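Commentary on secondary and tertiary structure
Here's the letter readout for the chains.
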Amino acid sequence: MSTVSTSTNTLASMDAAQSKALRRARRRAAPRTAWVVPTLYIIFLLLPIYWLINMSFKTNTEITSAFTLFPRDFTLHNYTVIFTDPSWYRGYINSIIYVALNTVISVGAALPAAYAFSRYRFLGDKHLFFWLLSNRMAPPAVFVLPFFQLYSAFGLIDTHIAVALAHCLFNVPLAVWILEGFMSGVPKEIDETAYIDGYSFPRFFFKIFMPLIASGIGVACFFAFMFSWVELLIARTLTTTDAKPIAAIMTRTVSASGMDWGVLAAAGSLTIIPGALVIYFVRNYIAKGFALGRV
Amino acid sequence: MEKTWNNRAWFLVLPVLLLVAFSAIIPLMTVVNYSVQDTFGNNVFFWAGLDWFQELLHSPRFWQALARNLVFSGIILAIEVPLGILIALNMPKAGWGVPVCLVLMALPLLIPWNVVGMIWQVFGRVDIGLLGKTLSLLGVDYNYVQDPVDAWITIIVMDVWHWTSLVVLLCYAGLVSIPDAYYQAAKIDGASGWSVFRYIQLPKMHRVLLIAVLLRFMDSFMIYTEPFVITGGGPGNETTFLSIDLVKMAVGQFDLGPAAAMSLVYFLIVMLVSWVFYTVMTNYGQES
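Keep in mind it's a predicted model, so treat the numbers as computed, not measured.

1. Examining the UniProt feature "transmembrane region" (unreviewed entry) in chain B
Residues and elements named next belong to chain B.
- Mapped onto this numbering, the UniProt entry gives "transmembrane region" (unreviewed entry) at residues 70-89, 101-123, 151-175, 208-225 and 259-280.
- For residues 70-89, the end-to-end C-alpha separation is 28 Å, with 100% helix and 0% strand making up the annotated structure.
- Along residues 208-225, the helical share is 83% and the strand share 0%, with 27 Å between the first and last C-alpha atoms.

Okay, structure coming up:
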């Protein structure tokens, strides 16, 4: 055992030294203009967002009458409106509640299922896996009407749990898919050793296995958060007032009170913040995470 | 990995099954139910057989919306996949630039879809938007509210803005997983930049590219919120995609039968195409 690990260590250190030298060489060889492409792309990404944030600090008169690249009469009025009016800020609270619920339910249910798919073969496993994935392919528009009727029948309309359960439609399959990818990367010998050492399945799963795939769980949570946070059609259909998400409140304002551009822009800018925070936390896993653990 | 045959694994899948049964099978059965029935209201239904499907397959409205969807998905894939590869190839591989690029690029992916629509609606407006105003100052006749071509361009640029990062992140993940030894070997062989791309980078990205194409096809084919916010399906019906048409039918006009029939056909098309992608993907995985 010890000889094996020493030899792997030497190999690893050799590898590291080699790759460092190589990386240096490659950096020298890489064209100096390589940064232009990502930079231009990021500018393209940030321009519309900048325009939105810029607008959120302007007064409505300045937005409609003048064309200014920076707010001339810098105002926080638009944000004050949102933070003092419950019908606005409750939208954020509602969104965060159902997104959090959905993330917990999706990842919680997906963990054992992903383990089953990554470790065992069982009757109909492949069909089941594709059937699960097919729910990720289902256009939400198809489910709008039946969801409304189903949740009405259960008296769940306008509750956070209704939206959280409905979003499981596409988040559970995705979480299973991601977690299965990460779990397959963990050698099976670890499970077997643990069982021989007398670990029961739950104890093994929580004490040993879950820490091993912690990054995978993080990525799965990230995706569940992401798709639940950005979805509007189903969330809007299943809520009326008490659980209405912020995104839906924004659409109502567009049609009702004419064009209060400043407040709309401020509300839009605030919806970017939770996503930005979440990305920041998972930044080190983001690349592998987007590949669903299957690189 | 060698998997053991164990049917007790079904117990582990059970929670997911119950959850998805509640949120997928029951609603889907409702749709199937409606698609073969007709009603005059008051919850009285009678058998209509396959009438709704026949009507749907003979309606030009459906075929036009489907054609728009296919053209849209085609354009989106043709732009986003090569562009995503190009950006991923030029991304920094180490240093402080990596997290900065990743975080900034992932930003559009986490903006609620109707806010994305709203951002572009405002951005493109001729009176108050940076893009629309700049274009009209430059003398370009641009108005996405009235001109169908401009509306299409706006929606496509919006989607490129929104989703190219997904392709970039996937390709980047594929690229960083290539061991340095591969490049070393290529260097010894004196391989050109193109052959490094063609014979090392592209094959290594194959798997993630398939995921990218699968995800981008599925999501662009069910696009609803963003064009709904930007153009509302107009001008005329020029940007009415299947989802928009379907929601209009189901919720706006409450035509249960036709809407249900359309839902099923729509769902089947997405599943069929995705199944082809999925089969190709898993078979590729088994070969390598």
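Next comes the rest of the description.
2. As for the interface of chain A and chain B
- The partner chain B presents 104 residues to the 102 residues of chain A that form the contact.
- For the pair chain A and chain B, the two sides together bury roughly 9,400 Å², of which 80% comes from carbon and sulfur.
- Summed over the shared surface of chain A and chain B, the number is 1 salt bridge.
- The salt bridge partner of D219 of chain B is R136 of chain A, with a shortest N-O separation of 3.3 Å.
- Across the chain A-chain B interface, the total number found is 13 residue pairs in polar contact (both at pLDDT 80 or more).

3. Notes on the packing of helix α9 (residues 188-196) of chain A against helix α10 (residues 201-212) of chain A
Residues and elements named next belong to chain A.
- Direction vectors running N to C along α9 and α10 enclose 140°, while the axes themselves pass 11 Å from each other. Judged by the sense of rotation from one axis to the other, the crossing of α9 with α10 is right-handed. Contacts between α9 and α10 involve I190, D191, A194 and Y195 from the first element and F201, F204, I208, F209 and L212 from the second.
- Along the lines of polarity and charge, the residues of the contact of α9 with α10 split into 8 nonpolar, no polar and 1 charged.

4. A look at the packing of helix α4 (residues 77-84) of chain A against helix α14 (residues 261-281) of chain A
Residues and elements named next belong to chain A.
- Where α4 meets α14, the closest approach of the two axes is 8 Å, and the angle between their N-to-C directions is 70°. Compared by their axis directions, α4 and α14 come out roughly perpendicular. The chirality of how α4 crosses α14 is right-handed. Between α4 and α14, the contacting residues are N78, Y79, V81, I82 and F83 on the first element and G262, V263, A266, A267, S269 and L270 on the second.

5. Some details on the packing of aromatic side chains
Residue and element names in this part refer to chain A.
- All told, the structure shown has 37 aromatic pairs over all chains when counted by the stated rule.
- A centroid spacing of 6.3 Å and a plane angle of 25° characterise the contact between F223 and F227, whose relative ring orientation is stacked. Here F223 pairs with F227, and both are found in helix α11 (residues 214-230), just 4 residues apart, close to one helical turn. Each of the two residues, F223 as well as F227, counts as buried.
- Ring-pair connections join several aromatic residues into one group, and the members of that group are Y115, Y120, Y195, F201, F204, F205, F206 and F209.
- A cation over an aromatic ring shows up here: K58 above the ring of W51, its NZ or CZ 4.9 Å from the ring centre.
- Cation over ring: R136 sits above F227, and NZ or CZ is 4.8 Å from the ring centre.

6. So, unusual backbone geometry
All names here are of chain A.
- In this model, D158 sits at a positive phi of 70°, which is unusual for a non-glycine residue.
- As for its placement among the helices and strands, D158 is situated in the loop between α7 (140-153) and α8 (160-184).
- A residue is classified by how much of its surface remains accessible, and D158, at 13% relative accessible area, is buried.

7. Considering the side chain of T154 of chain B
Residue and element names in this part refer to chain B.
- Assignment of secondary structure puts T154 in helix α7 (residues 148-176).
- Look at T154 and you get buried, because its relative accessible area is 4%.
- Within the structure, the side chain of T154 is placed 2.8 Å from the side chain of Y142, a separation counted as a polar contact.
- When residues no more than four places from it in sequence are discounted, the contact partners of T154 are Y142, Y144 and I230.

Thresholds applied
Positions within a chain are numbered from 1, following the residues in the order the chain's sequence is written. Here every chain gets a letter starting at A, and every ligand a number starting at 1, in the order they are written. Confidence filtering applies because this is a predicted model: local features only for residues at pLDDT of at least 70, side-chain atom pairs given and counted only at 80 or more, and all residues used for totals across whole chains, interfaces and linings. Based on all heavy atoms of the structure, the side-chain values leave hydrogens and waters out of the count. UniProt positions are given in the numbering used here, feature names are shortened, and annotations may be inferred rather than shown by experiment. The numbering of helices and of strands both runs from the N terminus, where a helix is a DSSP run of H or I of at least 4 residues and a strand a run of E of at least 2. Note on contacts: a residue pair is in contact if any heavy atoms of the two residues lie within 4.5 Å. A 1.4 Å probe defines the accessible area here, and the buried area is the portion of it lost by two parts on being joined, summed over both. We define a salt bridge as a contact between a side-chain nitrogen of Lys or Arg and a carboxyl oxygen of Asp or Glu at a distance within 4 Å. Polar contacts here mean pairs of N or O atoms no more than 3.5 Å apart (in protein, one a potential hydrogen donor and the other a potential acceptor; neighbouring residues in sequence count only if both atoms are side-chain atoms). To get an axis, a line is fitted to the C-alpha atoms, and for a helix only the part in contact is used. The angle between two axes follows their N-to-C directions and goes from 0 to 180 degrees. In a left-handed crossing the near helix is turned counterclockwise from the far helix by less than a right angle, and in a right-handed crossing that turn is clockwise. When residue character is reported, Ala, Val, Leu, Ile, Met, Phe, Trp, Tyr, Cys and Pro are called nonpolar, Asp, Glu, Lys and Arg charged, and the others, Gly included, polar. Orientation is classified from the angle alone, with under 35 degrees giving roughly parallel, over 145 giving roughly antiparallel, 65 to 115 giving roughly perpendicular, and any other angle giving oblique. Pairing of aromatic rings covers Phe, Tyr and Trp, the last counted by its six-membered ring, and requires centre-to-centre distances within 6.5 Å; plane angles under 30 degrees mean stacked, over 60 mean edge-to-face, and any other angle means tilted. Think of it in three bands: residues with accessible area under 20% of the maximum for their type are buried, residues over 50% are exposed, and the middle band is partly exposed, with areas taken using a 1.4 Å probe on protein chains only. For a ring to carry a charge above it, either NZ of a lysine or CZ of an arginine must fall within 6 Å of the ring centroid while also lying within 35 degrees of the normal to the ring plane.

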